[in-house]
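Architecture and fold: a report
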Amino acid sequence: MRHRKALAASLAVTATLAVQLVTASANAAPVTTLHYSSSGAPDYVTQIDQAAANWNAAVTDVRLVKGGTATIVFAETDDGRGSYTNTDGHGHGRIYLDKQQVAEGFAVTRIAAHELGHNLGLPDHYSGPCSELMSGHGPGTSCTNAVPDAAEAAKVQQDWADGFAAGDVRQAE
């Protein structure tokens, strides 16, 4: 008899937990997965991967995953134009990492994370402090911060809370 009561109590607890898990899963925000390719930037693969990992640590509504059918593609340039991206700001773009900018002393991981920020919908804010990833090259070569600040992460979270529909392609530096 005691075993039946214990079993019944255990089943009741298990059923309650199962309902809570199903409810939590049903209420969870969808996660958008974006695939990126670093094969066009062989000199900077490690820094690109770290930049993606920094974004993944800062936000939960969108994930950057290497491989697959890439919608964000990195390439190297050596034209002195500086690094930039052609993007729709909704997870589709081509990022150009300028070797001359790197030679000037700008941190590659910061550049890659900044350009990924554009692909996630963030604008430049060159007058911002080094703690703002989207201040880009504004703070100079001594700034190596490659992590989005709380406001930048919150904006990406807000924009990607229910996915992000594709828009017009734009160019950002």
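Refer to the structure above for everything that follows.
I will try to describe carefully the structure that is included in this document. A quick note: this is a predicted structure, and the numbers were derived from the prediction, not measured.

What counts and what doesn't
Residues numbered from 1 in each chain as written. Predicted model: local features only at pLDDT ≥ 70, side-chain atom pairs only at ≥ 80, totals over all residues. Heavy atoms only, no water. Helix = DSSP H or I, 4+ residues; strand = E, 2+ residues; numbered from the N terminus. Buried < 20%, exposed > 50% of the residue type's maximum accessible area, 1.4 Å probe, protein only. Areas by Shrake-Rupley, 256 points an atom, 1.4 Å probe, with all protein chains shown as cover. Pairing = 2+ DSSP bridges. Right-handed = clockwise from strand over helix to strand, strands pointing away. Contact = heavy atoms within 4.5 Å. Core = buried A, V, L, I, M, F, W, Y, C linked by side-chain atoms within 4.5 Å.

Quick notes on the overall build of the protein chain
When helices and strands are tallied, the protein chain shows 5 helices and 6 strands. Starting at the N terminus and walking to the C terminus, you meet the elements of the protein chain as α-β-α-β-β-β-β-α-α-α-β. With 173 residues in all, the protein chain has 39% of them scored as buried. Summed over all atoms, the accessible surface of the protein chain reaches about 9,000 Å², with 57% contributed by carbon and sulfur.

Regarding the pairing of strand 1 (residues 32-40)
The sheet contact formed by strand 1 and strand 2 (residues 62-66) spans 5 bridges and is parallel. Bridging from a neighbouring strand, Tyr-36 pairs with Lys-66 of strand 2. A crossover connection joins strand 1 to the parallel strand 2 through helix 2 (residues 45-58); in handedness this β-α-β unit is right-handed. Across 3 bridges, strand 1 lies against strand 3 (residues 72-77) in parallel orientation. Bridging from a neighbouring strand, Ser-37 pairs with Val-73 of strand 3.

Points about the environment of Ala-70
If you trace the backbone, Ala-70 turns up in the loop between strand 2 and strand 3. Relative accessible area serves as the criterion here: at 27%, Ala-70 is assigned to the partly exposed category. Along the chain, Ala-70 and His-92 lie 22 residues apart, while their C-alpha atoms are 8.5 Å from each other. Residues contacting Ala-70, with those up to four places away along its chain left out, are His-35, Tyr-36 and Ser-37.

Describing the nonpolar core
Across soluble globular proteins, nonpolar side chains show a tendency to be buried alongside one another. Judged by nonpolar contacts, the single largest core of 29 residues is most densely connected at Trp-55, Phe-74 and Leu-116. If you list the elements that add at least two residues to this core, you get strand 1, helix 2, strand 2, strand 3, strand 5 (93-98), helix 4 (108-119) and helix 5 (150-160). Ranked by the residues each element gives to this core, the list is headed by helix 4, at 5 residues. Ignoring any residue separated from it by four or fewer positions in sequence, one finds Phe-74 in contact with Tyr-36, Ser-37, Ser-38, Gly-40, Ala-41, Ile-48, Ile-95, Leu-97, Ala-112 and Leu-116.

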